[in-house]
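# Observations on chain architecture
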Amino acid sequence: MSDGIMSKAATMEIPISSNGDTGSLPEDDGLEQDLQQVMVSGPNLNETSIVSGGYGGTAEGIIPTSTIKGSGLHQAHPSPAGGGEEIVRGIAVEKFDIVKKWGINTYKCTKQLISERFGRGSRTVDLELETQIELLRETKRKYESVLQLARALTSHFYSLVQTQHALGDAFADLSQKSPELQEEFGYNAETQKLLCKNGETLLGAVNFFVSSINTLVNKTMEDTLMTVKQYETARLEYDAYRTDLEELSMGPRDAGTLSRLDAAQSHFQSHKDKYEKLRADVAIKLKFLEENKVKVMHKQLLLFHNAISAYFAGNQQQLEQTLRQFNIKLKPPGAEKPSWLEEQ
């Protein structure tokens, strides 16, 4: 690796064996998906601007290309001496330059990716960081499973509460119409209504648990993983331009090569800076995510345990106290939706 490319304490360059196995790389069947990731962000030709004097002119007369509709250029006051043609030519040159740069970058990254997968290249690896990233992905999968099960519990228990409510109404009706069994139907009706009330209280706690886990998994963890994806793309670009620079450095040193070598060194340094910045961003986000996860889960697991225990012990006061402890409020009777139904 070139001098000063990366701190050896944090990262290392891993040669790829002939079978493409580094011990931490994904399976080869993910190659197509990785190639799609490389190709996913094409050049944005709607965000360019052009200088009226042509490509590389002064900053005066900049016209955003997003204002140009259709294949022609509509100007209220066309400039003399073929100014419109110069603008169109300038737009074409700038867009061509953008496509060219994107194409070169995509080619280099695709070449690097294939080289890594088939054991003909090397990749930069931060072993500690990549271990943390893989642990996050595994944790997210497990939390998604917990979230799915908790939602299923909410749905099943909601059906149970609805059935208890209907059964209580049926008992109450029969109590009025069956004098000989009025007392028996009556206390069964009261029992079902109490169970229904406690069930709604428990559902309020379980739904709060579900909502919090959903936020942790699909917002907090997902935000960190989006930064991880940017970091992985930057790593691929960094290695692609590092390989390009190393290949040029080993070639002949004529005037043309020296010019290309200078350009390659500049591109390499740019991608190195981007890679190191994103690596630092990922490390910070992982640290804060872990702290936030522990804090959130400590609270939510305590809530879930206390609420479930109090409900099945028949301790109505303890159940209501648990909701007050975690500041969970149920909507009053007659509200449009029960507060324990999660809003989708």
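Keep in mind that this is a model prediction, so the values were computed, not measured.

Glancing now at the overall build of the protein chain. From N to C terminus, the protein chain includes 6 helices and 4 strands. Taken from N to C terminus, the helices and strands of the protein chain fall in the order β-α-β-β-α-β-α-α-α-α. For the protein chain, the residues scored as buried account for 35% of the 344 residues in total. A fraction of 78% describes how many contacts in the protein chain between residues 6 or more apart in sequence connect residues 24 or more apart. Surface accessibility of the protein chain: about 21,100 Å² in total, with carbon and sulfur atoms responsible for 56%.

The UniProt record marks residues 261-292 with the feature "coiled-coil region" (unreviewed entry), using the residue numbering of this structure. As annotated, residues 261-292 has a helix share of 100% and a strand share of 0%, and its two end C-alpha atoms lie 46 Å apart.

This brings us to the packing of aromatic side chains. All told, the structure shown has 7 aromatic pairs when counted by the stated rule. With 5.2 Å between their ring centres and 80 degrees between their planes, Phe157 and Tyr311 make a pair best called edge-to-face. Of the two residues, Phe157 sits in helix H3 (residues 127-177) while Tyr311 sits in helix H5 (residues 255-312), which places them 154 residues apart along the sequence. For Tyr311, a relative accessible area of 11% gives the class buried. Considering the side-chain rings of Tyr231 and Tyr275, the 5.6 Å spacing of their centres and the 20 degrees angle between planes classify their relative orientation as stacked. In this pair, Tyr231 sits in helix H4 (residues 182-249) while Tyr275 sits in helix H5, placing the two residues 44 residues apart along the sequence. Each of the two residues, Tyr231 as well as Tyr275, counts as buried. Put simply, the rings of Tyr231, Tyr238, Phe268 and Tyr275 pair up and form one aromatic cluster. One residue, Lys287, lies across the ring of Phe288, its end atom 5.2 Å from the ring centre.

In this structure, Thr322 sits in helix H6 (residues 316-325). A residue is classified by how much of its surface remains accessible, and Thr322, at 1% relative accessible area, is buried. When sequence neighbours within four positions are dropped, the list of residues in contact with Thr322 reads Leu303, Asn306 and Ala307.

About the thresholds
- Residues numbered from 1 in each chain as written.
- Predicted model: local features only at pLDDT ≥ 70, side-chain atom pairs only at ≥ 80, totals over all residues.
- Heavy atoms only, no water.
- Helix = DSSP H or I, 4+ residues; strand = E, 2+ residues; numbered from the N terminus.
- Buried < 20%, exposed > 50% of the residue type's maximum accessible area, 1.4 Å probe, protein only.
- Contact = heavy atoms within 4.5 Å.
- Areas by Shrake-Rupley, 256 points an atom, 1.4 Å probe, with all protein chains shown as cover.
- UniProt positions renumbered as here; feature names shortened; annotations may be inferred.
- Phe/Tyr/Trp six-rings, centres within 6.5 Å; stacked < 30°, edge-to-face > 60°.
- Lys NZ or Arg CZ within 6 Å of the ring centre and 35° of its normal.

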